[in-house]
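Descriptive analysis of the structure
Here is how the chains run, residue by residue.
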Amino acid sequence: MNVALPPFKERARAALADRTLKLAIDRTTGTAEAKRAAAVAAFPEFDAARARGRAIKDHVIANLGHYLEMFERNATASGAHVHWAVDDAEARAIVTRLCLDAKAKVVTRSKSMLGEEIGLPHALADAGIERVETDLAEHIIQLAGETPSHIIWPAMHRTREQVAELFNASHQPPPEADDPATMVQSARRVLREKFLGADVGISGANFLVADTGATCTVTNEGNAELTTTPPRVHIVTAGIEKIVPSTAHAMALLRILVRSATGGELTQYTTFHCGPKRPGDADGPEEMHIVLVDNGRTKMLAGEFREMLRCIRCGACMNHCVVYRQIGGHAYGGTYPGPMGSVLTPVLDGLAAARDLPNACTMNGRCAEVCPVGIPIPTLLRAWRRRSWRERLEPGALRAGIGLWAQVAYRPALYRLASRIGVRALRAFGRDGWIGSLPLAGGWTAYRDLPRPSGRTFMEQYRDQQKGRK
Amino acid sequence: MTARDTILNAVLAACPAGDARAVADAAAALLDDPDSSRPPLAAPGLPEAFTLKATALGASVERVANMASVPEAVARYLERHGLVGLSVQPAPALTALDWTGIATHDHLAADEPAALGLALYGIAESGSLVVHSGPDAPILLSFLPLHHIVVLRESTLLPWLEDYAARLEAASVPRNAILITGPSGTTDIEGSYVRGAHGPGFLHIIITGTDDIPE
Ligand code: SF4
């Protein structure tokens, strides 16, 4: 989706230099981390709930064909139309055609990361359809002409002051003050007019309930219902991995999803949509369409990234990631940022384009610790690194360097000799116990100092110690 | 080959279909012993547990003896907030009440100041109200007003989310089923919580008991 972005390293460098960005990231992720911790502390059964959530997702993934067919059958029986899309282009084409068939001039959208993944915003613009983002954060980034920088708080890279600037320029009349409450009121007023005049409402789904054919969406603002109820046509786009067997299974997952995402127990609105308006119903759309999207998911199912299909898009891994918290979401360059994005972006955009992402990780394991469905993200990132090496995607100099190191490491005597020379040489660069700069290693020492080595290798010291014991 | 076949073939190639019966049994087993993985209720009694949760979320809760006491409680709420006029959900349980003294109507304006609805269930675990769409239940009634007043009959309180799931799947699933858990809110600007984003900024819940009033 991202055409002609500068390389990852440049994006990361620019993000690191942006102090306002760092401030904005800290304000939101800091709160999110504290609230999640409090929610988990207040729920002693959290680990058991996680184990159950993980087992539910594994069961669905192992029986995905069975459940997809069951969902399709029940959704169709409810009067919804089910469409299938192999990739993003097909999904875009289906949604655009449905909008054009409905003669839509204005489309309201409730936040959906899948919509971003398939490039829906651009597709609607290209079709000449006015798109109104109704989630507050999506409204902010629509005004700014940006993409989401976080899967739960898409506008978290913007400070309150920056949001005020956007609203002052586009809301009529502009908000009276720049505190969040006044700005939220202003957006409420501006968007309220749009909701009731839309021709089509588009939403995503957190779960697809196989045995009822319903789609389930969780939101806090109430914009989802205002998006899906008034228009004549409601379109849902969802990844095929969103299936759960029944409503009760969805409930078990909701308990861990919301706590991990925002630290709440449930979001303010948990909505199940099942087909179009029934005869006599007081309101609701006349048509409901569900677009089931593959876009790389069956490839993941068949390979070593299957576990990633458990992801319920809670965002906890990015809130707790030391790298994300330094560079924010945009630097990653994909639809999905942070640790989960570093696993998914190579699937979606290809490893050649995204091979820097699995490397931009300290392997500290925080993401896997907080992931509510136990996805071993560091292990999956290592799998991408291995594949990148196998496919010879690393630059020649790096490959040569690592190849040389490997040649030495295969020969213990040579390796010990080299490290003996190495530590002694390194000492020469030390000042006051620290090494502040090194030839050929400026990329490393520009940001951190190394302690000056003792001058003797581990093996030398170990041998002496063993002798001393005897 | 259609997209549907392409996708299902790829899925089945990676994960061959199992016996439908065995899959259903495995799915049911995943829900065994629900107590081991859900939080305890906030209080032993359902109305008390519900009230603790709902008020913590920013809703206000009051308990009245029975349905007949609802108009009086609503009148007090409207007066407290300086509101005149009330959109009432066209549900017989509400329209049959004596609304003398309150200007009620049955339509919904885009910026409706206050509306009264009836919850189908309450869930004590999370302080959630359940509403279903239907001929006498417009969904927008829960979203357009600034003040959303909801009548919850004590007899419809359920302990856990699973209890509601069982009710939902036993009956015919409505077009739209919604769990409302506190007033509308957002944390989209710097993570700070603001009430009343697109939906109601105020949620007032009137729990009705079953006491008979002597006529
Ligand atoms: S990988 Fe885990 S922590 Fe990250 S978004 Fe997905 S479910 Fe949440």
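How each quantity is defined
Position labels on residues start from 1 in each chain and follow its written sequence. Lettering for chains starts from A, numbering for ligands starts from 1, and both go in the order in which the items are written. Residue-level local features of this predicted model are given only where pLDDT is at least 70; pairs of side-chain atoms are given and counted only at 80 or more, and the full residue set underlies all totals for whole chains, interfaces and linings. To obtain the side-chain values, all non-hydrogen atoms of the structure were used and water was disregarded. Counting from the N terminus, the helices are DSSP H or I runs at least four residues long and the strands are E runs at least two residues long. Restricting the calculation to C-alpha atoms gives the radius of gyration, and the globule rule supplies 2.2 Å times the number of residues raised to the power 0.38. Per-residue accessibility, obtained with a 1.4 Å probe over protein chains only, is compared with the maximum for each type, and a residue is labelled buried under 20%, exposed over 50%, and partly exposed between these values. Per-residue and other accessible areas were derived by the Shrake-Rupley procedure at a 1.4 Å probe size, with only the shown protein chains allowed to occlude residues. Just so you know, the count uses Lys and Arg for positive and Asp and Glu for negative, and it drops His and the chain ends. Charged groups are reduced to one reference atom each: NZ for lysine, CZ for arginine, CG for aspartic acid, CD for glutamic acid. We treat two strands as partners when DSSP finds at least two bridges between them. As a rule, the C-alpha atoms of each element are fitted with a line to give its axis, helices using only the stretch in contact, and angles between N-to-C directions run from 0 to 180 degrees. In what follows, a contact means two residues having at least one pair of non-hydrogen atoms within 4.5 Å. Residues are labelled near a given molecule or strand when at least one of their non-hydrogen atoms is within 4 Å of it. Three classes are used, and their members are as follows: Ala, Val, Leu, Ile, Met, Phe, Trp, Tyr, Cys and Pro are nonpolar, Asp, Glu, Lys and Arg are charged, and the others, Gly among them, are polar. Crossings are assigned a handedness: left-handed for a near helix turned anticlockwise from the far helix by less than a right angle, right-handed for a clockwise turn. Note: domain ranges come from an automatic or database domain assignment. The rule is simple: put a 1 Å grid over the protein atoms alone, call a set of points where a 1.4 Å probe fits but cannot get out a cavity, call an open set with protein on both sides within 12 Å along at least five of seven lines a pocket, and count a residue as lining if it has an atom within 4 Å of a point. Grid points are joined across faces, edges and corners, and a volume is the space filled by probe spheres set on the points. Stacked, tilted and edge-to-face are the three classes assigned to paired rings of Phe, Tyr and Trp, where Trp is represented by its six-membered ring and a pair needs centres within 6.5 Å; plane angles under 30 degrees give stacked, over 60 edge-to-face, the rest tilted. Geometrically, a lysine NZ or arginine CZ counts as sitting over a ring once it is within 6 Å of the ring centre and also within 35 degrees of the ring normal. As used in this record, nonpolar core signifies buried Ala, Val, Leu, Ile, Met, Phe, Trp, Tyr and Cys residues forming a set joined through side-chain atoms within 4.5 Å. Any Lys or Arg side-chain nitrogen found within 4 Å of a carboxyl oxygen on Asp or Glu counts as a salt bridge.

Quick look at the overall build of chain A
For chain A, the helix and strand inventory stands at 24 helices and 12 strands. What you see for chain A is a C-alpha radius of gyration of 26 Å, in line with the 23 Å of a compact globule of 470 residues. On the principal axes, the C-alpha backbone points of chain A span a range of 90 × 55 × 45 Å. Within chain A, buried positions represent 56% of all 470 residues. Entry remark: accessible area of chain A is about 19300 Å², with carbon and sulfur atoms responsible for 55%. Side-chain charges of chain A comprise 60 positive and 49 negative groups, with the mean position of each set lying 12 Å from the other.

Here's the deal with the sheet that holds strand β3 (residues 130–133) of chain A
Residue and element names in this part refer to chain A. Sheet architecture is open: 6 strands sit in the order β1-β10-β7-β4-β2-β3, paired in parallel fashion. Edge strands, defined here as strands with exactly one partner in the open sheet, are β1 (81–85) and β3. Going from strand to strand, the sheet's axes swing by 20 degrees on average, the running direction of each strand aside. Sheet topology places strand β2 (residues 106–109) next to strand β4 (residues 200–203); 3 bridges connect them, and they run parallel. Across the sheet, T108 pairs through a bridge with G201, a residue of β4. The sheet strands contacting helix α5 (residues 88–101) are β1, β2, β4, β7 (233–239) and β10 (287–293), and the helix crosses β1 at an angle near 145 degrees. Contacting β2 and β3, helix α10 (residues 180–195) runs over the sheet at an angle of about 135 degrees to β3.

Considering the site of the ligand
As a matter of local geometry, the ligand sits amid A:C311, A:I312, A:R313, A:C314, A:G315, A:C317, A:M340, A:C371, A:P372, A:V373, A:I375 and A:I377. For the shell around the ligand, the per-class residue count stands at 10 nonpolar, 1 polar and 1 charged.

Notes on the packing of helix α16 (residues 338–349) of chain A against helix α20 (residues 377–390) of chain A
Residues and elements named next belong to chain A. Close contact between α16 and α20 brings their axes to 9 Å; oriented N to C, the two are set at 35 degrees. Between α16 and α20 lies a crossing whose hand is left-handed. Along its contact with α16, which presents P339, M340, S342, V343, P346 and V347, the element α20 presents I377, L380, L381 and W384. Among the residues forming the contact of α16 with α20, the class breakdown is 9 nonpolar, 1 polar and no charged.

Some remarks on the domain arrangement of chain A
Interfaces are often sized by the accessible area lost when the parts come together. When its domains are assigned, chain A resolves into domain 1 (8–298) and domain 2 (396–469). The straight-line distance from the C-alpha centre of domain 1 of chain A to that of domain 2 of chain A is 50 Å.

Description of empty space enclosed by the protein
Residue and element names in this part refer to chain A. Evaluated as defined, the whole model comprises 7 cavities of 30 Å³ or more. Taken as a whole, the largest cavity holds about 620 Å³ of empty space. In terms of lining residues, the largest cavity is bounded by 34 residues, among which K111, I151, I152, N206 and V218 are the most central. Counting residues per element, the ones that place at least two in the lining of the largest cavity are α6 (113–117), β6 (214–219), β7 and α12 (247–261). Tallied by class, the residues present in the lining of the largest cavity amount to 12 nonpolar, 14 polar and 8 charged. Residue lining of the second largest cavity: 17 residues in total, with C321, P339, C361, C367 and L381 positioned closest to the centre. Listed by contribution, the elements that provide at least two residues to the lining of the second largest cavity are α16 and α20.

Things to note about the packing of aromatic side chains
Residue and element names in this part refer to chain A. Inspection of every chain in the model, using the stated rule, returns 8 aromatic pairs over all chains. Between Y324 and Y332 the ring centres are 6.2 Å apart and the planes differ by 25 degrees, which places this aromatic pair in the stacked class. Classification of Y332 as buried rests on a relative accessible area of 2%. Plain terms: the ring middles of W405 and Y415 are 6.5 Å apart, the flat faces sit at 80 degrees to each other, and that makes the pair edge-to-face. A residue pair is termed long-range when its members are at least 10 positions apart, and W405 in helix α21 (residues 396–409) and Y415 in helix α22 (residues 412–427) qualify at 10 residues. Taking relative accessible area as the criterion, W405 reaches 51% and is therefore assigned exposed. Looking at Y415, the relative accessible area reads 36%, which means it is partly exposed. Among the aromatic residues, those joined into a cluster by ring pairs are F8, Y324 and Y332. Over the face of the ring belonging to Y336 we find R313, whose NZ or CZ atom lies 4.8 Å from the ring centre.

What to know about the nonpolar core
In terms of nonpolar packing, the biggest core is built from 109 residues, with A:L68, A:I243, A:L292, A:M308, A:M340 and B:Y164 touching the most fellow members. Filtering out sequence-adjacent residues up to four positions away, A:M340 remains in contact with A:I151, A:M308, A:C311, A:R313, A:C317, A:M318 and A:I377. In terms of nonpolar packing, the next biggest core, distinct from the first, is built from 28 residues, A:L226, B:V150, B:I178 and B:I207 among them.

Side note on the pattern of salt bridges
Under the defined criterion, the tally for this structure stands at 43 salt bridges over all chains. Its salt-bridge partner being A:E161, residue A:R160 comes within 3.9 Å of it at the nearest N-O pair. On the accessibility criterion, A:R160 (25% relative accessible area) is partly exposed. The partly exposed category is assigned to A:E161, whose relative accessible area is 37%. Two residues, A:E307 and A:R310, come together in a salt bridge whose shortest N-O distance is 3.0 Å. Taking the relative accessible area as the measure of exposure, A:E307 reaches 28% and is therefore partly exposed. It is possible to trace a salt-bridge network through shared partners that takes in A:R255, B:D35, B:R38, B:E125 and B:E162.

Details of the pairing of strand β9 (residues 176–180) of chain B
Among the 5 residues in β9(B), 5 count as buried, and that is most of the element. Residues B:N176, B:I178 and B:I180 of β9(B) are buried on one face, and the alternating residues B:A177 and B:L179, pointing to the opposite face, are buried as well. As defined by bridge partners, strand β9 (residues 269–273) of chain A adjoins β9(B) across 5 bridges and the pair is classed as antiparallel. Pairing of A:T271 across the sheet is with B:I178, part of β9(B). Pairing analysis gives 4 bridges linking strand β6 (residues 128–132) of chain B to β9(B), with the strands arranged antiparallel. For B:H132, the partnering residue across the bridge sits in β9(B) and is B:A177.

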